[in-house]
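A closer look at the structure
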Amino acid sequence: MPEPQAPLVLTLGDPEGIGPEIALKAWAALKADGPVFAVTGGLDILSRTASLLQLAPPAAIAACADAHGTFATGLPVLPDRPGSPALASIEDGVARIRAGNASGLVTNPISKAALYAEGFAFPGHTEFLAHLTHDMAVTGARGPVMMLAAPELKTVLVTIHQALRDAIASLTPEKIVHIARITHQALRRDFAIASPRLALAGLNPHAGEGGSMGREEIDILAPALEQLRAEGIDISGPLPPDTMFHAEARERYDAAVCLYHDQGLIPIKTLDFHGGVNVTLGLPIVRTSPDHGTAKDIAGKGIARPDSLIAAIRLADTIAANRRGMRA
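Residues numbered from 1 in each chain as written. Predicted model: local features only at pLDDT ≥ 70, side-chain atom pairs only at ≥ 80, totals over all residues. Heavy atoms only, no water.

Attention now goes to the overall build of the chain. Helix and strand counts for the chain stand at twelve helices and twelve strands. At 20 Å, the chain has a C-alpha radius of gyration in line with the 20 Å of a compact globule built from 328 residues. C-alpha extents for the chain along the principal axes are approximately 65 × 45 × 40 Å. Classification of the 328 residues of the chain by burial places 51% in the buried group. (Helix = DSSP H or I, 4+ residues; strand = E, 2+ residues; numbered from the N terminus. Rg over C-alpha atoms; globule rule 2.2 N^0.38 Å. Buried < 20%, exposed > 50% of the residue type's maximum accessible area, 1.4 Å probe, protein only.)

Further remarks concern the pattern of salt bridges. Side chains that differ in sign of charge can pair as their charged atoms come close. With the rule as written, the count across this model stands at 13 salt bridges. For Glu 152, the salt bridge identified is with Arg 250, shortest N-O distance 2.8 Å. Placement of the pair is Glu 152 in the loop between β6 (145–150) and β7 (153–157) and Arg 250 in helix α10 (residues 247–250), with a sequence separation of 98 residues. Salt-bridge contacts for Arg 189 lead to Asp 190; the nearest nitrogen and oxygen are separated by 3.3 Å. On the accessibility criterion, Arg 189 (13% relative accessible area) is buried. A residue is classified by how much of its surface remains accessible, and Asp 190, at 2% relative accessible area, is buried. Salt bridges sharing partners connect three or more residues here, namely Asp 14, Glu 16 and Lys 296. (Salt bridge = Lys/Arg side-chain N within 4 Å of Asp/Glu carboxyl O.)

Now for the packing of aromatic side chains. According to the stated counting rule, one finds five aromatic pairs in the structure shown. Ring centres of Tyr 116 and Phe 120 lie 6.4 Å apart, and the angle between their planes is 20°; this geometry places the pair in the stacked category. Accessibility expressed as a relative area gives 42% for Tyr 116, which makes it partly exposed. Residue Phe 120 is classed as buried on the basis of its relative accessible area of 10%. With a centroid separation of 5.4 Å and an interplanar angle of 80°, the aromatic rings of Phe 120 and Phe 128 are classed as edge-to-face. Like Phe 120, the residue Phe 128 is buried in the burial classification. Grouped by ring-pair contacts, the aromatic residues Tyr 116, Phe 120, Phe 122 and Phe 128 constitute a single cluster. The side chain of Lys 31 reaches across the aromatic face of Trp 27, ending 4.7 Å from its centre. (Phe/Tyr/Trp six-rings, centres within 6.5 Å; stacked < 30°, edge-to-face > 60°. Lys NZ or Arg CZ within 6 Å of the ring centre and 35° of its normal.)

A rise of 1.5 Å per residue sets the reference length of helix α8 (residues 173–189), with its 17 residues, at 24 Å; its end C-alpha atoms lie 24 Å apart and thus fit the reference within 8%. Those residues of α8 lying buried are Ile 176, Val 177, Ile 179, Ala 180, Ile 182, Thr 183, His 184, Gln 185, Ala 186, Leu 187 and Arg 189. (Expected span 1.5 Å × (residues − 1).)

Attention now goes to the nonpolar core. Taken as a class, soluble globular proteins show a tendency for nonpolar side chains to be buried jointly. Counting 83 residues, the largest nonpolar core has Phe 37, Leu 46 and Leu 75 as its most contacted members. Residues within four places of Leu 75 in sequence aside, it is in contact with Leu 24, Trp 27, Phe 37, Val 39, Leu 46, Ala 60, Ile 61 and Ala 62. Membership of the second largest hydrophobic core comes to 14 residues, among which are Leu 153, Ala 201, Cys 258 and Leu 265. (Core = buried A, V, L, I, M, F, W, Y, C linked by side-chain atoms within 4.5 Å. Contact = heavy atoms within 4.5 Å.)

With that settled, the discussion passes to the side chain of Asp 254. Note that Asp 254 resides in the loop between α10 and β10 (255–258). For Asp 254, a relative accessible area of 18% puts it in the buried group. Sequence-distant contacts of Asp 254, that is, excluding residues within four places in its chain, are made with Lys 154, Leu 187, Ile 193, Ser 195, Pro 196 and Arg 197.

What follows deals with helix α1 (residues 19–30). Between the first and last C-alpha of α1 there are 16 Å, a value that for twelve residues agrees with the 16 Å anticipated at 1.5 Å per step. Of all twelve residues that make up α1, ten are buried, and the element is covered over most of its length. Inspection of α1 places Gly 19, Pro 20, Glu 21, Ile 22, Ala 23, Leu 24, Lys 25, Ala 26, Trp 27 and Leu 30 among the buried residues, and these make up the whole buried set.

Quick look at the structure:
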């Protein structure tokens, strides 16, 4: 019999946000059949949240000795590390994966503004994780690349958190090729799609209408497509963004390569607002996250929905199993 897959680690996220609440709700939803996970730190915070919102009896929130052995009866919580609870939780999760004690990382939302006030030097979660894992070997091209995944659609972003005019100015064939390569390899390794099909979204209305509505499709996207096809990657496009996300169009590709933030997030959130998952491609570790923020305005009220976190936990477990299968 093969060894059971190591548990996932779930970070605490911002202690003042909904992370502790949805962690408890995710455990309640998954305790009967997994996937098994342990929260990195925050025993007191989770215990107070459980008591305040009547989500679990105090005895069900316990320091972790054996996550597999206790998950059905209690939420396993790993010891606190010194420092900021949000950052220490992330650092501990990565350290446990390095040591072979965890199969993947699921990150609850953090407050970047609060961390910046503490001297946090990274734009966000993803860049911090890239820093923490920079010395670990990666199969293929290195990311990070942001994917938004839901059962009906996967999108990846060429540019992310930039003003739209800056995002357009930063587009190059090389950047598009890099993102598409990482997406292609991730679809094969992480999602077990043997022959991935990609679709590249156009930038301008009607994908430029032959240059009459902009030349980016001709000058930037076409050279990228030519190079990717020469490498054997199945990619269509550039496709008019207003017609590539309906149900029939989605059947023709496995992931859409989108050029700016809203181009990729609007269709995902329209199709599955509560169930979308943020997946980081091109890292040496498995990392997923719910596709929402800290939601401090509803924290402590008992109304936060755990759907996206549950989906992120399930997807991280699937990706870890797929990677494990490829190594076997």
